[in-house]
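Chain residues, written in single-letter form:
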Number of protein chains: 2
Amino acid sequence: MQTEEETTALPPKEEFSAWYNDLLWRAEIMDVRYPVKGVYVWFPFGFSIRKLTYAILRQLLDKDHQETLFPLLIPEQEFMKEAEHIKGFEEEVYWVTHGGLTELDVKLALRPTSETAIYPMYALWVRSHADLPLKLYQIVNTFRYETKHTRPLIRLREITSFKEAHTVHATWDEAAAQVEDALALYTTFYQHLCVPILISRRPEWDKFPGADYTMAVDTVMPDGKTLQIGTVHHLGDHFSRTFDITYENQNGEQQLAYQTCYGISERCIAALISMHGDDKGLILPPEVAPVQVVVVPIIVGKRRDEVLAAARTIRDQLEAAGLRVKLDEREIRPGAKYYHWEMRGVPLRVELGPRDLDNGVVTAVTRSKEKSTIPAASLIEGVQALLEQVRNTLATTGGQHLAAHLKQVETMDDLKVAIEEGVAIVHWCGDKACADRIEEETEASVLGTEVRSSLVSKTEGRCLVCGRAGTTTLIGRSY
Amino acid sequence: MQTEEETTALPPKEEFSAWYNDLLWRAEIMDVRYPVKGVYVWFPFGFSIRKLTYAILRQLLDKDHQETLFPLLIPEQEFMKEAEHIKGFEEEVYWVTHGGLTELDVKLALRPTSETAIYPMYALWVRSHADLPLKLYQIVNTFRYETKHTRPLIRLREITSFKEAHTVHATWDEAAAQVEDALALYTTFYQHLCVPILISRRPEWDKFPGADYTMAVDTVMPDGKTLQIGTVHHLGDHFSRTFDITYENQNGEQQLAYQTCYGISERCIAALISMHGDDKGLILPPEVAPVQVVVVPIIVGKRRDEVLAAARTIRDQLEAAGLRVKLDEREIRPGAKYYHWEMRGVPLRVELGPRDLDNGVVTAVTRSKEKSTIPAASLIEGVQALLEQVRNTLATTGGQHLAAHLKQVETMDDLKVAIEEGVAIVHWCGDKACADRIEEETEASVLGTEVRSSLVSKTEGRCLVCGRAGTTTLIGRSY
């Protein structure tokens, strides 16, 4: 749909913010020109990345969750039931006050998250221990009146793609086990995207309003700042008390249920494109690439028809093997085609010219410019092996990126340097006062404790600020 | 999730309204107990019918449309740009006026439909004839402040599943051809659901606000009332003038574009379940049945383990053949299981008891109680043939239902009788005054002219009211 000149360069990826903004429209992911602040439009190409990504998430969840759909509109009295929850959201909630020309009797909130929409129904649905565990999820739009600087896919007023799961359990321990299951599921999900993650337990003041505790999934962006790309909350019995979610146990007694909830938004797409892109555009893992292979015929003079026919055959063979393929037959020079598909992150380009034809081969070029020759007779195997190789390379470079942006430090001075580059691993006593001190001196904050990462070893140590006994803690600058 | 007594009967289907309301919760489609009027919750089972149904719609659209996603919130000034459009919606639009504790500078409408969200972007996206035709669609929630009686899946304040397509073309004729393509697509879609349809052109006063003309897809519900389950609008250049959607033609001149839009909401699910259900519950075409085959082991005494093991093998074989299968191992009597799965519309039940084992067969019972024996050796073929038979039966009975509810009449008296039973085919001169007269005398209204249905032959005739020359016209009572 773009008629802009396509051959000007992207800003280099080192200028991450400029690169990110430019990439979004040049790779046709999101259009930021919609006339409401903080609200963006998905281009069809971007939306197909989203579809493929969320298909993975659905597949993982569908093993033991069921998908459902609850209303967007939450009546004020339900929304206001859980005190901490209100306090956490009151400045961010959009309110519908009028229907047509009529003022509504009851104001309606646009869900910022769906606890207060879902749990009144859970109170009706959960009756007996036989109904537990209950594990449902939905993928919906949610709304936050963000006053901070908004940014496509990262900080939005309409989050278009919030996957939120809500579970109910008989005991606190079972809910805690579900937290671990959810973290395992999210770990698998991000492995599919080749996005490296750090899991940690958020400090008390940064947990979800109304939770016993919050586990968070962060990644480290190219500029060293962290992006929270998933959260898992143990809700204890806070909401079940408020919304009266009880079940009859095997002895016929009414018991309060325990709950968890966990979510991932389109930030997963922000992480995906930021982690793997380069100065030429997107780089997509094959599993989520709308186009996995582009076939470019190299047409020279007389053998045009012959080359085109062979290119179509190759396209058909690859499609028959279940691959997402595009044959680029446009009447433009090959270089312009390369530029176009590199920008859109296509993992593999297959070129076919008269010489390839004569030699019974195709020329394959990965998105990272590794060139090889595949015999036409083993086209499918050759292409699949290269796509697997692209995937493995992205997983490796993702892991290296994270390792390079993690540093263990012991002093405030070293911390100040470390957080410029990425995430610092420190020891911290757990006191808010010491966390505040870190924030004042470094403009970074405590991400979390109880870190789950093979890159972070848990050691005993002294708090960076006060010198008392401290535990391994992640410090970073967050989006 | 339900612990209600499952063995009380549904109201008979002749009492359609009571039957429909009861079926929705007993078959676990929608829960109406959400505390906002006109807004309902999808049960997971209902949501999986929706997923399968919309997967068909996506597959049909994806052949030559692209999926995308536009914002829910439309700023007041954009919404107010097209005069007829505002007039059509001003009494039905929900307005967001506050973000957190702050009053918004610009009120935001919740989309009742997305023309005014999408077309400002189309004005940016469409530049040249090479960009045309542009065919995009989205599946979103939309909102109408309905003042009429609301009803799940039929008349909602939050329409959770609006598939809306929006196309742009170089000429009026190309847009008109797209209207026909869309009608063909919708016809195919409803063939998949075994839902019979009538297509007609809505009268001028009933067309979409801002359209040149509106084609509508109706079905006839069990009570003889019609349900509009799809519309296709030729928008002419109304919106392209308003939103400045122009393209450069091959001669380098700027031209106004022509547009269409067409939509289907979750009313398609209302039609699906209403058309095929019976006094025992849902009846689902296999293609959209979340469970296509339920395997019920008939366990008697000593051979329990043997029967269960064989039932599991059957489940595994059917699943390996790509079918959606449930093995019901619950410790309740078979009759209760039959009741449970009949309510949920499972097309085929496979029973397996000791005698079946001895005979090397399974007993298969379709949802409409046709019993047969399938040799274990040809299980898959036998099951697939029966599912195909169920599908064909539903298509046939759907067609018969429509034929039985269509009647050609020539006088007002006959019309009064006919519209009690269903849709009447009359001749009408096209004048509003005559249509008003029909409406006053019968409480039915003009559905449309230019009828496309093999059941309706177009003949010349005299207007039922005034006696002037009239064309074939459908009259019905509508939901």
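Counting restarts for each chain: residues are numbered from 1 in the order of the written sequence. Whichever chain is written first is A, and whichever ligand is written first is 1; the rest continue in order. Thresholds applied to this predicted model are a pLDDT of at least 70 for local features of residues and 80 or more for the giving and counting of side-chain atom pairs; totals over whole chains, interfaces and linings are not thresholded and use all residues. Only hydrogens and water are set aside when side-chain values are computed; all heavy atoms of the structure are taken into account.

A.B. asks: Tell me about the side chain of Thr97(A), residues and numbers included.
C.D. replies: With respect to the secondary-structure elements, Thr97(A) resides in strand 5 (residues 94-99). Taking relative accessible area as the criterion, Thr97(A) reaches 7% and is therefore assigned buried. Pairing of N or O atoms within 3.5 Å defines a polar contact, subject to two protein rules: one partner must be a possible hydrogen donor and the other a possible acceptor, and residues neighboring in sequence count only if both atoms are side-chain atoms. Here the side chain of Thr97(A) touches Thr97(B) through a polar contact of 2.7 Å, side chain to side chain. Apart from residues no more than four positions distant in its own chain, Thr97(A) is found in contact with Thr102(A), Glu103(A), Leu104(A), Lys107(A), Trp95(B), Thr97(B) and His98(B). Numbering of helices and strands runs from the N terminus; a helix is a DSSP stretch of H or I covering at least four residues, while a strand is a stretch of E covering at least two. When a residue's accessible area, from a 1.4 Å probe over protein chains only, is under 20% of the maximum for its type it is buried; when over 50% it is exposed; and in between it is partly exposed. Contacts are residue-level and defined by heavy atoms, with any inter-residue pair within 4.5 Å sufficient.

A.B. asks: Help me get a handle on the interface of chain A and chain B, residues and values and all.
C.D. replies: Contacts between chain A and chain B engage 61 residues on the former and 61 residues on the latter. As a working definition, buried area equals the accessible area (1.4 Å probe) given up by two parts on being put together, with both sides summed. Taking both sides of the interface into account, the surface hidden between chain A and chain B amounts to around 5,200 Å²; carbon and sulfur atoms contribute 65%. Throughout this description, the term salt bridge denotes a Lys or Arg side-chain nitrogen within 4 Å of a carboxyl oxygen of Asp or Glu. For the interface between chain A and chain B, the tally reads four salt bridges. Of the charged contacts, one joins Lys51(B) and Asp62(A) as a salt bridge, the two residues approaching to 3.8 Å between their closest N and O atoms. Three residue categories are used. Nonpolar comprises Ala, Val, Leu, Ile, Met, Phe, Trp, Tyr, Cys and Pro, charged comprises Asp, Glu, Lys and Arg, and polar comprises the others, including Gly. Classifying every residue of the side of chain A that touches chain B gives 35 nonpolar, ten polar and 16 charged. Where strand 5 of chain A lies against strand 5 (residues 94-99) of chain B, five bridges are found, and the strand directions are antiparallel. Note on strand 5 of chain B: the bridge partner recorded for Trp95(A) is His98(B). Whether two strands pair comes down to DSSP finding at least two bridges between them.

A.B. asks: Before we move on, can you summarise the relation of the copies chain A and chain B with the specific residues and values?
C.D. replies: The transform that puts chain A on chain B rotates by 180 degrees and translates by 0.0 Å along the axis, for an RMSD of 0.0 Å. This pairing of chains is accounted for by a two-fold axis. Relative to the rotation axis, the C-alpha of Val96(A) is the closest in chain A, positioned 2.1 Å from it. Here 100% of the contact residues of chain A are again contact residues in chain B; the copies associate through an equivalent surface. Only residues with pLDDT of at least 70 in both copies count here: their C-alpha atoms drive the least-squares fit that superposes the copies.

A.B. asks: Describe the UniProt feature "domain: Aminoacyl-transfer RNA synthetases class-II family profile" (unreviewed entry) in chain A, naming the residues involved and giving the relevant values.
C.D. replies: Using the residue numbers shown here, the UniProt feature "domain: Aminoacyl-transfer RNA synthetases class-II family profile" (unreviewed entry) corresponds to residues 50-285 of chain A. The annotated region residues 50-285 of chain A carries 31% helix and 34% strand content, and the separation between its end C-alpha atoms amounts to 13 Å. UniProt positions are given in the numbering used here, feature names are shortened, and annotations may be inferred rather than shown by experiment.

A.B. asks: I'd like to hear about the side chain of Glu266(A), residue by residue, with values.
C.D. replies: Residues and elements named next belong to chain A. By the element assignment, Glu266 lies in the loop between strand 14 (258-264) and helix 8 (267-276). His is not counted, nor are the chain ends; Lys and Arg add positive charge and Asp and Glu add negative charge. It turns out Glu266 is buried and unbridged, and the closest side chain with the opposite charge, Arg50, is 6.2 Å from it. When neighbours within four sequence positions are excluded, Glu266 is seen to be in contact with Trp42, Tyr54, Leu153, Leu156, Glu158, Ile159, Thr160 and Ser161.

A.B. asks: Can you lay out the domain arrangement of chain A for me, pointing to particular residues and giving the numbers?
C.D. replies: Domains assigned within chain A are domain 1 (16-276), domain 2 (291-385) and domain 3 (407-476). An automatic or database domain assignment supplies the start and end points of every domain. Here the C-alpha centre of domain 3 of chain A lies 50 Å away from the C-alpha centre of domain 2 of chain A.

A.B. asks: Explain the nonpolar core residue by residue, including any values.
C.D. replies: Here the nonpolar core consists of buried residues drawn from Ala, Val, Leu, Ile, Met, Phe, Trp, Tyr and Cys, with membership extended through side-chain atoms lying within 4.5 Å. With 84 residues, the main nonpolar core has Leu110(A), Tyr122(A), Leu110(B) and Tyr122(B) as its most contacted residues. Setting aside residues no more than four positions away along its own chain, Tyr122(B) makes contact with Phe70(B), Leu134(B), Leu136(B), His166(B), Val168(B), Ile245(B) and Gln259(B). Residues Trp19(A), Ala27(A), Met275(A) and Leu69(B) belong to the second largest nonpolar core, which totals 65 residues.

A.B. asks: Tell me about helix 12 (residues 379-404) of chain B, and please be specific about residues and values.
C.D. replies: Between the first and last residue of a helix there are one fewer steps than residues, each counted as 1.5 Å, and that sum is the expected span. Under the 1.5 Å per step criterion, the end-to-end length of helix 12 of chain B is 37 Å for 26 residues, consistent within 8% with the ideal 38 Å. By the burial criterion, the buried members of helix 12 of chain B are Leu379(B), Gly382(B), Val383(B), Leu386(B), Leu387(B), Val390(B), Leu394(B), Gly398(B), His401(B) and Leu402(B).

A.B. asks: For the packing of helix 1 (residues 16-26) of chain A against helix 8 of chain A, give the residues involved together with the corresponding values.
C.D. replies: Residue and element names in this part refer to chain A. Put simply, helix 1 and helix 8 touch, their axes get as near as 11 Å, and they point 110 degrees apart. Classified by the angle their axes make, helix 1 and helix 8 are roughly perpendicular. Helix 8 is crossed by helix 1, and the crossing has right-handed handedness. Contact residues: Phe16, Trp19, Tyr20 and Leu24 in helix 1; Ala270, Ile273 and Ser274 in helix 8. Residues of the contact of helix 1 with helix 8, tallied by class, amount to six nonpolar, one polar and no charged. Where helices are involved, their axes are fitted lines through C-alpha atoms of the stretch in contact, as for all axes, and angles between N-to-C directions lie from 0 to 180°. Angles are sorted into four bins: roughly parallel if under 35 degrees, roughly antiparallel if over 145, roughly perpendicular if 65 to 115, and oblique for all others. For any helix crossing, the convention is left-handed if the near helix is rotated counterclockwise from the far helix by under a right angle, and right-handed if that rotation is clockwise.

A.B. asks: Please set out the sheet that holds strand 4 (residues 73-75) of chain B residue by residue, giving values where relevant.
C.D. replies: Hydrogen bonds between backbone atoms are what pair the strands of a sheet, whose relative direction is either parallel or antiparallel. Taking strand neighbours across the sheet as the criterion, the six strands line up as 4(A)-6(A)-5(A)-5(B)-6(B)-4(B) in an open arrangement whose pairing is antiparallel. Each edge of the open sheet is held by one strand with a lone partner, namely strand 4 (73-75) of chain A together with strand 4 of chain B. Averaged over all pairs of adjacent strands, the angle between strand axes in this sheet comes to 45 degrees, irrespective of strand direction. Sheet topology note: the strand 4 of chain B/strand 6 (residues 102-110) of chain B ladder contains three bridges and is antiparallel. Pairing of Leu73(B) across the sheet is with Leu110(B), part of strand 6 of chain B.

A.B. asks: Help me get a handle on the packing of helix 13 (residues 412-421) of chain B against helix 14 (residues 432-442) of chain B, residues and values and all.
C.D. replies: Residue and element names in this part refer to chain B. Where helix 13 contacts helix 14, the axes come no closer than 10 Å and their chain directions differ by 60 degrees. Between helix 13 and helix 14, the angle is such that the two are oblique. The crossing of helix 13 and helix 14 is right-handed. Between helix 13 and helix 14, the residues in contact are Met412, Leu415, Lys416 and Ile419 and Arg437, Ile438, Glu441 and Thr442, respectively. For the contact of helix 13 with helix 14, the per-class residue count stands at four nonpolar, one polar and three charged.

A.B. asks: Could you give me a rundown of unusual backbone geometry, with the residues and numbers involved?
C.D. replies: Note that the residue after Leu132(A), namely Pro133(A), is joined by a cis bond; omega there is -10 degrees. Of note, the phi angle at Cys194(B) is positive, near 60 degrees, even though the residue is not glycine. With respect to the element layout, Cys194(B) can be found in the loop between helix 6 (172-192) and strand 9 (198-201).

A.B. asks: Which residues make up the pairing of strand 23 (residues 423-428) of chain A, and what are the values?
C.D. replies: Residues and elements named next belong to chain A. Of all six residues in strand 23, six are buried, a share of seventy percent or more. Because side chains alternate across strand 23, one face comprises the buried residues Val423, Ile425 and His427, and the other comprises Ala424, Val426 and Trp428, equally buried. The sheet contact formed by strand 22 (residues 406-408) and strand 23 spans three bridges and is parallel. Within strand 23, the position partnered with Leu406 by the bridge is Val423. A clockwise course of the path from the first strand over the helix to the second, judged with the strands pointing away from the viewer, identifies a crossover as right-handed. Remark: the strand 22/helix 13 (residues 412-421)/strand 23 crossover connection has right-handed handedness.

A.B. asks: Describe the pattern of salt bridges, listing the residues and the values that go with them.
C.D. replies: Where charged atoms of side chains with opposite charge meet at close range, the side chains can pair. If you walk through the whole model with that rule in mind, you get 62 salt bridges over all chains. Among the salt bridges present, the one from Arg303(A) reaches Asp358(A), with a minimum N-O distance of 2.8 Å. With Arg303(A) in the loop between strand 16 (293-297) and helix 9 (304-320) and Asp358(A) in helix 11 (residues 354-359), this pair connects stretches of sequence that are 55 residues apart. For Arg330(A), the salt bridge goes to Asp328(A), with nearest N and O atoms at 2.9 Å. For Arg330(A), a relative accessible area of 36% translates into the label partly exposed. The network of salt bridges with shared partners includes Lys51(A), Arg58(B), Asp62(B) and Glu67(B).

A.B. asks: Can you break down the packing of aromatic side chains residue by residue, with the values?
C.D. replies: To describe a pair of aromatic rings, one takes the distance between the centres and the angle between the planes. In summary, the pairing rule links any two rings of Phe, Tyr or Trp, Trp by its six-membered ring, whose centres are within 6.5 Å, and it sorts them by plane angle into stacked for under 30 degrees, edge-to-face for over 60 and tilted for everything else. What the rule picks out here adds up to 38 aromatic pairs over all chains. When the ring of Phe79(A) is compared with that of Trp95(A), the centres are 5.9 Å apart and the planes differ by 90 degrees; the resulting orientation is edge-to-face. Linking Phe79(A) in helix 3 (residues 76-79) with Trp95(A) in strand 5, this pair joins segments that are 16 residues apart in sequence. Each residue in the set Phe43(A), Phe70(B), Tyr119(B), Tyr122(B), Trp125(B), Phe239(B) and Phe243(B) is aromatic and connected to the rest through ring pairs, giving one cluster. Geometry around Trp19(A) places Lys13(A) over its ring, the cationic atom sitting 5.0 Å from the centre. Over the aromatic face of Tyr54(A) sits the side chain of Arg50(A), whose NZ or CZ is 5.2 Å from the ring centroid. Over a ring means this: the NZ of a Lys or the CZ of an Arg is within 6 Å of the ring centre and within 35 degrees of the ring normal.

A.B. asks: Can you explain the confidence of the model for chain A? Please cite residues and give values.
C.D. replies: Per residue, pLDDT measures the predictor's confidence, with a range of 0 to 100. When pLDDT is averaged across chain A, the result is 95; 99% of the residues are at 70 or more. Across residues 1-5 of chain A, where pLDDT falls below 50, the model places 14 contacts with residues more than four positions away in sequence or in other chains.

A.B. asks: Run through the sheet that holds strand 17 (residues 325-327) of chain B, naming residues and quoting values.
C.D. replies: Residues and elements named next belong to chain B. Taken together, the five strands give an open sheet; going across it, the order is 17-16-19-20-21, and neighbouring strands pair in mixed fashion. Strands at the two margins of the open sheet, each flanked by one partner only, are strand 17 and strand 21 (371-375). Across this sheet, the average inter-strand angle for adjacent strands is 25 degrees, counted without regard to direction. Strands in contact with helix 9 (residues 304-320) are strand 16 (293-297), strand 17, strand 19 (348-352) and strand 20 (361-366); relative to strand 16, the strand with the most contacts, it is inclined by about 170 degrees.

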